[in-house]
2 protein chains.
Amino acid sequence: MNVLLVYAHPEPKSLNGSLKDFAVQRLEAAGHQVRVSDLYAMQWKAPLDAGDSLAPANGTPFHPSLASKHAFENGLQSPDIAREQEKLKWADAVILQFPLWWFSMPAILKGWIERVYAFGFAYGVGEHSDSRWGNRYGEGTLAGKRAMLMVTTGGWESHYDARGINGPIEDILFPIHHGILYYPGFDVLPPFLVFRSGRIDGDRYAAVTEELGQRLDTLFTTEPIAFRPQNGGQYEIPSLILRSDISPGQTGFAAHVALEN
Amino acid sequence: MNVLLVYAHPEPKSLNGSLKDFAVQRLEAAGHQVRVSDLYAMQWKAPLDAGDSLAPANGTPFHPSLASKHAFENGLQSPDIAREQEKLKWADAVILQFPLWWFSMPAILKGWIERVYAFGFAYGVGEHSDSRWGNRYGEGTLAGKRAMLMVTTGGWESHYDARGINGPIEDILFPIHHGILYYPGFDVLPPFLVFRSGRIDGDRYAAVTEELGQRLDTLFTTEPIAFRPQNGGQYEIPSLILRSDISPGQTGFAAHVALEN
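Residues numbered from 1 in each chain as written. Chains lettered and ligands numbered in written order. Predicted model: local features only at pLDDT ≥ 70, side-chain atom pairs only at ≥ 80, totals over all residues. Heavy atoms only, no water.

## What to know about the pairing of strand β4 (residues 146-152) of chain A
Residue and element names in this part refer to chain A. Our working rule: For every residue, the accessible area (1.4 Å probe, protein chains only) is compared with the maximum for its type, and the residue is labelled buried under 20%, exposed over 50%, or partly exposed between those bounds. Numbering goes from the N terminus for both helices and strands, where a helix is a DSSP run of H or I of at least four residues and a strand is a run of E of at least two. The pairing criterion for strands is at least two bridges between them, as found by DSSP. Seen with the strands pointing away from the viewer, any crossover whose path from the first strand over the helix to the second strand runs clockwise is right-handed.
Along β4, seven of the seven residues are buried, which leaves the element largely enclosed by surrounding structure. The alternating pattern of β4 places Arg146, Met148, Met150 and Thr152 and Ala147, Leu149 and Val151 on opposite faces, both of which are buried. Where strand β3 (residues 93-99) meets β4, seven bridges bridge the pair, whose relative direction is parallel. By the bridge assignment, Gln97 is partnered in β4 with Met150. For the segment spanning β3, helix α4 (residues 107-116) and β4, crossover handedness is right-handed.

## Points about the UniProt feature "domain: Flavodoxin-like fold" (unreviewed entry) in chain A
Note the following rule: UniProt positions are given in the numbering used here, feature names are shortened, and annotations may be inferred rather than shown by experiment.
Cross-referencing UniProt, the feature "domain: Flavodoxin-like fold" (unreviewed entry) maps to residues 1-214 of chain A in the present numbering. A helix fraction of 35% and a strand fraction of 14% characterise residues 1-214 of chain A, whose end C-alpha atoms lie 17 Å from each other.

## A closer look at the interface of chain A and chain B
Many descriptions give the size of an interface as the accessible area lost when the pieces come together. Note the threshold: In what follows, a contact means two residues having at least one pair of non-hydrogen atoms within 4.5 Å. By buried area we mean the combined loss of accessible area, with a 1.4 Å probe, across both parts when two parts are placed together. By definition here, a salt bridge exists when the distance from a side-chain nitrogen of Lys or Arg to a carboxyl oxygen of Asp or Glu is within 4 Å. Any pair of nitrogen or oxygen atoms within 3.5 Å is treated as a polar contact; in protein, a donor-acceptor pairing is required on top of that, and neighbouring residues in sequence qualify only through side-chain atoms on both sides.
If you look at the interface, chain A gives 67 residues, while chain B gives 67 residues. In this assembly, chain A packs against chain B so that about 5,100 Å² is buried in total across both faces, 67% of it on carbon and sulfur atoms. When residues of chain A are sorted by the area they lose upon contact with chain B, Trp102, Arg163 and Ile165 of chain A head the list and together hold 21% of the total. Joining chain A to chain B, the criterion identifies zero salt bridges. Our count for the chain A to chain B interface comes out at 32 residue pairs in polar contact (both at pLDDT 80 or more).

## Notes on the confidence of the model for chain A
Test applied: What pLDDT conveys is the predictor's confidence in a given residue, as a value from 0 to 100.
Chain-level statistics for chain A give a pLDDT mean of 96 and a share of 99% at 70 or above. Taken together, the chains of this predicted complex give a pTM of 0.98 and an interface ipTM of 0.97.

## Describing the relation of the copies chain A and chain B
The test is simple: Copy-to-copy superposition: least squares on the C-alpha atoms, limited to residues that have pLDDT of at least 70 in both copies.
Least-squares fitting of chain A to chain B yields an RMSD of 0.0 Å, with the superposition described by an axial translation of 0.0 Å and a rotation of 180 degrees. Seen this way, the second copy is the image of the first under a two-fold rotation axis. When C-alpha positions in chain A are compared against the rotation axis, the closest is assigned to Ala107 of chain A, at 2.3 Å. Of all interface residues in chain A, 100% are interface residues in chain B too; the two copies therefore contact each other through one and the same surface.

Shown next, in the form of structure tokens:
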């Protein structure tokens, strides 16, 4: 299978750099084709702006989504954007690897999402009607592909506990899992997490890579997070509020994950 | 009072640009001193990297937090970083204004946080002991100052409802409110939000600016979100799990907000 690893760390000789190399080797040894988008090495342009189109509209204010739509539809996207979209279409699975900085992805990776996720590619796809609200949240250009996060954080696991001060890690990652990956159609796997990333000795590194290896070996068989599809009848259209008879009374991010049978 | 507005939108002739101008005029008319960090106009460098120090360590791998600590302690920070830190120290209140892109702040603003929030300035402050875990979450360099988000989003308000498909807006913003603003000490005000930002006609614009004006007029009197201070005894040290007798059984982001009396 084809695996795209989008990697966002500035230092090759870091824990993240080592885990990236380990992942590539493990996946290739299993017979997969692997491509890496090493955003720092590529000097990826982070800010979304008018320069993302080869023919920016002159004389009219820059409108991010309309400009993106025009460039995508007319083959006028900046080549760096088009190349990454090709990689996404090529991939059967996508891994986003990054250190958790200020409880989200590094700016350079956020800018990759903002620019590569064009209107017509990752959003603004499909029709709106009485029963549908576009192809998103379970449908879309990237449907049928898998995605997984590989995230390191300096904090302790308990700090990300259900009652830990940082908030539960699954809630911190929900806007990425659900809002960035499930949105354009990915099946989203549970994340691979490394806590206390500043305290990795040889024994812990062996344990971390052992666990990572298992996750990579099961990349195409692990059960995805059971996010609820938008257009399957579970949400009211157009309010997009969960139907009152589904998980009655439950609120918050967890309401959008189906309970196990 | 002194107000710093950190603004992240690429187009001056946008809704965000208009609201920024409105906010500056309203605050100045009330007698406040206002400074604006217009990140796109400043061509703010988003990616955190070794170039953020004037004297990067040669021959050793780049370590983001240790490099930041060394540069901060020795006056070796890139001047653009030091200037923004000075603005933060000058300010009595800070407003972060941005369109919600993929359920978080634009990359250029995330990169402002990552680079300006140096080790020794916004994290890595204070001592660790049996009763304290550094000066953070309610204590720190920016304690005594206020912060507020001004956020526009194209989605409907119902999509961000307690059971809306995007997740509740207060949960989507929690990692910013709590993890980025409360962390280094800010008192965090409820956000100013504009939904369906693509459908603002004259009447709605008048209503939006009326509400924004009220929020700016009460910037220094509005009650902050009642986040729980880390070192006040409500969390176990060092696990940083909320004490079992406080909001027993409650989990998730909301557990970190004190209930009203």
